[in-house]
Structure formats: structure tokens, C-alpha cells
Amino acid sequence: MDPLERYRPIIDDFDAFRNACERPLPRTVRVHTSAADPSQVIDALESAGITATPLEWDGAILEVDTDRPGRTLPSFLGWIQGLDAASCLPAPLLDIAPGDRVWDACAAPGGKTGHIVDLLGDRGLVYATDDNLGRIASLRFNTERLGATCVAVEHADARRTRLDQLGINHVDATLVDAPCTCEGTVRKSPDVLDSWSPDHVRSLANVQQAILTRAIELTRPGGRVIYSTCTFAPEENEAVVDAVLETYDIELEPLELPIESAPGITHWDGYSFDPQLRHAHRIYPHLSDTGGFFIAPLRVGA
């Protein structure tokens, strides 16, 4: 079974989508603006013979012509973090400010964690958890490399996370960048589709819903929860959000993105989803030359 072919009914200009999925993903880095100005980074990279071009919609995201930005001086100094441009979208939607407490529920390897630290100005608390012990080392390395002092890293299953060990009951916002089938990374990792199966999709959806549920429970009334994945599968995206909309006092907020996206879908495979799902964002490679992504901004009820 071709995993991508199943999305033909829901993607406009499907042929353009397939062609984009077969093109290499542009290599991008995000400037850690608490540590350096994008112009400093550009100068440093260009002195090493690396061309760096700011993206039109965000000058702190640079497209670079090297496959190893992590081996550059700006990376060593904690000025940059390798991150797909689409992955730079969720953190700014958290609606946070310096001093806030944020839970990054599935944080490793730490690219989005660093972005949250940047938005907080390294003031407040970032509780960064991940249940993959092998990836925790990368999470710790990246937060330390950035010089972040407000991050608490823990090896923990987000489905059973508690906050009392931090002396708090709720956080101000939560990012759930959930583990998924990663179909949207096909431009970077073409073999990612080789292990795809319907059973894998269903099993991950159960985990995703449990993590999102816990995020809603631990986020204060009025706080925002951002649910995101790098897959196209409605079972892991709209269906997961639809399930919590039925159970909890939350709403899906109509927020704009700085890049072109398609709205979330409200029908799939004989199922109908809450009309609010139109406010979710499907980010396709052929629309903005990024990886594939899904983002649903949720506001917890008062």
C-alpha cells in the first residue's frame, strides 16, 4: 500500500504534492535570538564558506547550503539549532511570555524546546520530558549547548506526567509535538514510509490522545495547548483532536500562520469531525517548500 496515495481525496493538486515529497528538503536552521542576531550568524557562516539566506516569512530561520550545520562555529556557540522551517511554527503559537511555565511534553531532541526558551528569554520554567531514553541525551546536550538555565529535563512518559515534584499544579501552556508515523519527513528521510502500516497508525493515535488529554489536564484554565505532528494521517491528527473536543472544555482557536497551509478536514473514511477542526492547519510540502506538518491550537476553558 502506498501511504501517501490514500490522501489524494483530501489534498488539492495532489500531483504537485507528490512531486514536492520527492524533492530534497531545504536545510534550515533557527537562530537562537537570545544569544545572537541573525546577521551575526550569517556573517559567521559566510566566513566559513556557507551561504545562509533568511526566509521571507521569518528572518530568524536561515536556509543554509551545508548538510552539517551542527558542525559549524555558530552551532558550537549555541547560536543556531538545525530545525525544519515547519517545525518553527508551533512554539510561537503557545502565547507565552517571560516568566511563564511551559511543559514540552515530547521534547527530544530539543529543537522546539530551544525555541520555547528563546520566547521566554530564558526566564520562567520549561519542563521538558520525553520517554525515549536514547533521545534524552540529545535533549540535554541541546539545552546545555544553548546555555538555557530555565529548563528542567526529565525522562518521563507524558501520559503519566505529574507536576507536584516541581512544586506546581498547572503550567501556563503545553506543547504536544506528538510521536507519530512521520510521513511529513519523507523529503528528509525517504525510507520513513517503508515501516508504515495501518496498525502502527492506530497504535500511535491511542498514545497521542492520551498525551493530549494529560496536557489539557495539566494546563491552567485559559492556557493554550498546541498539538502538532509531522504526519498527514487524519487518524493521528484531526481524529485525536476531535476526541478531546468531545470530552473536555476546550476550543480550537482560529489562528493564522505566516506560511500557506490547508485547513484541517472534517470528514475522513466515513467519519465526521467537529467543525472546529477547520481551524487546524495542514502544512504540505508543495505549498511552502517545507516538510509536512499538522498544527491544532487549543485553548483550555476557564
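Residues numbered from 1 in each chain as written. Predicted model: local features only at pLDDT ≥ 70, side-chain atom pairs only at ≥ 80, totals over all residues. Heavy atoms only, no water.

### What to know about unusual backbone geometry
Right, so step 1: At the junction of Ala108 and Pro109, the peptide bond is cis and its omega measures out at 5° in the coordinates.
Right, so step 2: With respect to the secondary-structure elements, Pro109 resides in the loop between β5 (101-104) and α4 (111-120).
Right, so step 3: Despite not being glycine, Asp13 has its phi angle at roughly 55°, a positive value.
Right, so step 4: For Asp13, the position within the fold is in the segment before α1 (14-21).
Right, so step 5: A residue is classified by how much of its surface remains accessible, and Asp13, at 53% relative accessible area, is exposed.
Right, so step 6: Even without glycine at this site, Cys182 takes up a positive phi of about 60°.
Right, so step 7: Position of Cys182 among the secondary structure elements: in the loop between β8 (171-177) and α6 (198-218).
Right, so step 8: A relative accessible area of 26% means that Cys182 is categorised as partly exposed. (Helix = DSSP H or I, 4+ residues; strand = E, 2+ residues; numbered from the N terminus. Buried < 20%, exposed > 50% of the residue type's maximum accessible area, 1.4 Å probe, protein only.)

### Focus on the packing of α6 against helix α7 (residues 238-247)
Right, so step 1: Across the interface, α6 lies against α7 with an axial gap of 9 Å and an inter-helix angle of 40°. One element, α6, and the other, α7, form an angle in the oblique class. For the element pair α6 and α7, the recorded crossing hand is right-handed. Residues Ala205, Gln208, Gln209, Leu212, Thr213 and Ile216 of α6 form the contact with α7, whose own contacting residues are Val240, Val241, Ala243 and Val244.
Right, so step 2: Looking at side-chain class alone, the contact of α6 with α7 contains seven nonpolar, three polar and no charged residues. (Axes fitted to C-alpha atoms, helices over the stretch in contact; angles between N-to-C directions. Parallel < 35°, antiparallel > 145°, perpendicular 65-115°, else oblique. Left-handed = near helix turned anticlockwise from the far one by under 90°. Contact = heavy atoms within 4.5 Å. Nonpolar A, V, L, I, M, F, W, Y, C, P; charged D, E, K, R; others polar.)

### Remarks on the sheet that holds strand β1 (residues 28-31)
Right, so step 1: Strands sit in the order β2-β3-β1-β4 across an open sheet of four strands; the sheet is antiparallel. Both edges of this open sheet fall to β2 (52-55) and β4 (80-82), since each of them pairs with a single strand only. Across the sheet, the mean angle separating the axes of adjacent strands is 35° when strand polarity is ignored.
Right, so step 2: Pairing of β1 with strand β3 (residues 58-64), which is carried by three bridges, proceeds in the antiparallel orientation. Bridge pairing in β3 places Thr28 opposite Glu63.
Right, so step 3: Set on the sheet, helix α2 (residues 38-47) makes contact with β1, β2, β3 and β4; between it and β3 the angle comes to about 15°. (Pairing = 2+ DSSP bridges.)

### What to know about the environment of Ile216
Right, so step 1: Topologically, Ile216 is positioned in helix α6.
Right, so step 2: What makes Ile216 buried here is its relative accessible area of 5%.
Right, so step 3: In this structure the C-alpha to C-alpha distance between Ile216 and Ile136, which are 80 residues apart in sequence, comes to 24 Å.
Right, so step 4: Apart from residues no more than four positions distant in its own chain, Ile216 is found in contact with Val225, Val244, Tyr248, Ile250 and Val300.

### Considering the pattern of salt bridges
It is possible for side chains bearing opposite charge to pair when their charged atoms get close.
Right, so step 1: Per the stated rule, a full pass over the model turns up 19 salt bridges.
Right, so step 2: A salt bridge links Asp157 to Arg160; its shortest N-O distance comes to 2.5 Å.
Right, so step 3: Take Asp157: its relative accessible area is 18%, and that puts it in the buried class.
Right, so step 4: Judged by its relative accessible area of 58%, Arg160 falls in the exposed class.
Right, so step 5: Each of Asp2, Glu5, Arg8, Asp15 and Arg18 takes part in a single network of salt bridges with overlapping partners. (Salt bridge = Lys/Arg side-chain N within 4 Å of Asp/Glu carboxyl O.)

### Quick word on the side chain of Asp242
Right, so step 1: Here Asp242 lies in helix α7.
Right, so step 2: Despite its burial, Asp242 pairs with no opposite charge; the closest candidate is Arg278, at 11 Å N-O. (Lys, Arg positive; Asp, Glu negative; His and termini not counted.)

### With respect to the packing of aromatic side chains
Right, so step 1: Considering all chains together, one arrives at seven aromatic pairs under this definition.
Right, so step 2: Taken together, a centroid distance of 6.0 Å and an interplanar angle of 35° make the contact between Tyr7 and Trp268 tilted. Here Tyr7, found in the segment before α1, pairs with Trp268, found in strand β12 (residues 267-268); they are 261 residues apart in sequence, far enough to count as distant.
Right, so step 3: For Tyr7, a relative accessible area of 0% corresponds to the buried category.
Right, so step 4: With a centroid separation of 5.9 Å and an interplanar angle of 35°, the aromatic rings of Phe232 and Tyr284 are classed as tilted. Of this pair, Phe232 sits in the loop between β9 (219-229) and α7 while Tyr284 sits in the loop between β14 (281-283) and α8 (285-288); the two residues are 52 residues apart in sequence, bridging distant segments of the chain. The burial state of Phe232 is the same as that of Tyr284; both residues are buried.
Right, so step 5: Chaining the aromatic ring pairs together yields one cluster made of Tyr7, Phe14, Phe17, Phe232, Trp268 and Tyr284. (Phe/Tyr/Trp six-rings, centres within 6.5 Å; stacked < 30°, edge-to-face > 60°.)

Keep in mind these numbers describe shape, not what the thing actually does.
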